[in-house]
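# Breakdown of the fold
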Amino acid sequence: MGVTQKPWSSIAPPGEFRPYIPPEQSPPEFTRRAIILGIFAGLFFGAITVYVGLRAGLTVSASIPIAVLSISILRAFGKATILENNIVQTTGSAGESIAGGVIFTLPALIFLGFPLQYWGVFFLALLGGWLGVLFMIPLRRQLIVKEHGNLLYPEGTACADVLVAGDKGGSFAGRVFLGFGLGGIYAFLMETMGFWPDTPEYKPDWLPGASVRANITPEYMGVGYIIGPRVAGLLFAGGVFSWLVLMPTIKFFGGMLTQPLFPGLIPIAQMGPDDLYRSYIRPMGAGAVAASGVITLFKTMPTIIAALSAGLKDIRKSRAVNAVTTAVSRVDRDFSMKVVVLGSLAVVVMMWALLTFRPIPGAKTGVLANLIAAVFVVVFGFLFVTVSSRICGLIGNSSNPISGMAIATLMATCAMFLVAHWTGAAYSALALTIGGVVCVASSNAGGTSQDLKTGYLVGATPSKQQLALMIGVMTSVFVVGGTLNLMNVGLEEFKATSIAVNINELPSGVSVEQRSFLHDGKNYVVLNAIGSHVVPDGNYLYDPAAGTIDLQWVHGIGSEKASAPQARLMATVINGILQRQLPWRLVLVGVFLVIAIELLGIRSLPVATGAYLPIDTTMAIFAGGVIRWLAERGLKNRDSADSEIGPGPLYASGLIAGGGIFGLLGIIIYLFGDPNFKYHFLPQHFLHIGPSVLGALASSRMFAVVMFVLLGATQFYFARKKMN
């Protein structure tokens, strides 16, 4: 099917490159089955991305797994064209991109004391996703076509190679299905049936304050394998520094104190590893991640300036081309600039209407403030969509500093709000909505760029891809908000505590969030604490009759099971600027730690992220990275083995999908068995039979480690085993 004398190559230089499907050919592309399968893929991987991202603080590209599955599924229903498979992965990958932007920002509403509403998340994600697609329309010709030899878009190029190999008869899906099946069985036995602990832990008596633990899930192992030993090692290095260096040091020097040391609320001598982490490591980690995000952004400033300049020039050129061109080749047909302009105006109007008529409960702001917020969204959106696309072209989606762009947006917005004296709690939520929509737009722009690059290489019609992306955004947002709320409710806990407070004279940083809340047949007042010297950060149930806080309401998002590190960081940044409620000395320690790492010539962002995440996350991810290092040792065809379409990454993608889906299934089953859940259909813990079947072995940490090692052995074996 080649159109040149030389075989088709995705990396052919600009002068020699030709698309795989010639422009003069028009095989089936935007078909009903391709769109339907793409929608289901977007819903599937959108839910998985929310689940894994909230737990690990990381996301991985879904385009290649979707392309692999599409080739096999459509082949089972008859001959499918390469352009149909491309539409499937284009539509489906929108779910992963949208979910990545949402989980980095919008869960911060919980930490700011506001409810996480399904429809609020739905519309904010929808607007951000559409902006990401709209702004990429005028940029496609410049960044994807004219910069073909300079901007490689690695995930998009790898995906094109997968599609072409599948069109020539290759099949990779078996390795993905193996990972999905084994990862799903492992996750179901561990998390739902309780056959072994999910987080074995060792607290060394010879190093008080330290803890060595790993959350031994298949999705963490898969993430670690895909990101590789280098990045996984940097993440774990940050965890080792926090949990095995800083925390024992704090315990050693503070163990003699008889009074609490701010921001801690109990003496350090009485603190365990988790108390030390929450009180002292988390503020340091927040400062480190914020600083590394800003540094990464400054490093890319030349790219930002060049991208903006090229983007503006390309818009002018696009207008000129549209004015003089009557017949456009199939592979050059984009949506017109009218769609971009009218779509952007529609986003402004919809954003303003959402903030004005359906604001976040307790966060109503004025008409002018809402209009300014809507304009900010479009201005910052265009800025960071351009930046995100070019950065993804250079270094790929995985290294795109989306959180840094979100932090920059929040800092700029909060600084303007501070000058205008808009410092109330409602303006914290308003700033977050701006940052959230911009983050979703920049995240989706990165994924959209990779999809358009794939389309350019295989010879797709750009306008059909752009329509598929809009459909993918519109459908995938349905599952993103639902998965967020499912995890928030399904993983929540109510922990007994006793703190005496006067409801009429609450301590600084403590406010009433809800006057009446029914729990376990008793009525409470919900309190929210942020930056208080008396009550630790979080939500609490206050008993008016006793005059005490009886329970801490630990939301699922923000708990140990779904720490949502980036979202917590966003809340920290907003509070630090608008409310000035931060332990600044600890934050600055994290800032200077990052500066020291940068001076050593090491990328600070993964180290800072690892220092901020719990060590059980980074240690499990590191295990996946080590397995990849071992699997690739001594391989002759190493380039093929460690590529994104090698057997190891495909199996790891299956582990992530299997662990994510069966993890969500476990949460749903738990909710059905929860006596406080209004749909109480099934007996409580009816599937949690591990302890009754295995006895003491079900709580053995050594048995848990052995099972994780066996899972790692399957990853090693299938990474080394050649595909047919």
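Shown above is the structure to which this text applies.
What this report covers is the structure whose coordinates are included nearby. (Residues numbered from 1 in each chain as written. Predicted model: local features only at pLDDT ≥ 70, side-chain atom pairs only at ≥ 80, totals over all residues. Heavy atoms only, no water.)

Right, let's talk about helix H19 (residues 615-632) for a bit. End to end, H19 covers 26 Å across 18 residues, agreeing with the expected 26 Å (1.5 Å per residue, within 8%). Where H19 is concerned, the buried positions are Ile615, Asp616, Thr617, Thr618, Ala620, Ile621, Gly624, Gly625, Ile627, Arg628, Ala631 and Glu632. (Helix = DSSP H or I, 4+ residues; strand = E, 2+ residues; numbered from the N terminus. Expected span 1.5 Å × (residues − 1). Buried < 20%, exposed > 50% of the residue type's maximum accessible area, 1.4 Å probe, protein only.)

In this section: the environment of Gly648. Examined against the element boundaries, Gly648 turns out to sit in helix H21 (residues 647-672). Residues Gly648 and Glu632, spaced 16 residues apart in sequence, show a C-alpha to C-alpha distance of 9.3 Å. With residues near it in sequence (within four places) discarded, Gly648 still touches Tyr225, Gln715, Phe718 and Ala719. (Contact = heavy atoms within 4.5 Å.)

Let us now look at the packing of aromatic side chains. For any pair of aromatic rings, the description consists of the separation of the ring centres together with the inter-plane angle of the planes. The full count for this structure, using the stated rule, is 26 aromatic pairs. A ring pair is formed by Phe135 and Phe382, whose centres lie 5.5 Å apart and whose planes are at 85 degrees; its orientation type is edge-to-face. Of this pair, Phe135 sits in helix H5 (residues 118-146) while Phe382 sits in helix H12 (residues 367-395), placing them 247 residues apart in sequence. Residue Phe135 shares its accessibility class with Phe382, and that shared class is buried. Among the aromatic residues, those joined into a ring-pair cluster are Phe44, Phe45, Phe180, Phe188 and Phe662. Above the plane of the ring of Phe111 lies Arg568, whose end atom (NZ or CZ) is 4.2 Å from the centre. (Phe/Tyr/Trp six-rings, centres within 6.5 Å; stacked < 30°, edge-to-face > 60°. Lys NZ or Arg CZ within 6 Å of the ring centre and 35° of its normal.)

It is worth spelling out the side chain of Glu219 at this point. Take Glu219: it is sitting in helix H8 (residues 218-254). The exposure class of Glu219 is buried, given its relative accessible area of 0%. Not counting the four nearest positions on each side in its chain, Glu219 is found in contact with Tyr51, Val52, Arg55, Glu191, Leu655, Ile656, Gly659 and Gly660.

Judged by pairing direction, the sheet is antiparallel, and its five strands sit side by side in the order E3-E7-E6-E5-E4 without closing on themselves. In the strand order of this sheet, the two ends are held by strand E3 (493-500) and strand E4 (510-519), each with one partner. Between one strand and the next, the sheet's axes are offset by a mean angle of 30 degrees, whatever the strand orientation. Inspection of the sheet shows strand E6 (residues 538-543) paired to strand E7 (residues 548-554) by five bridges, in the antiparallel sense. Directly across from Leu541, in E7, lies its bridge partner Leu551. (Pairing = 2+ DSSP bridges. Axes fitted to C-alpha atoms, helices over the stretch in contact; angles between N-to-C directions.)

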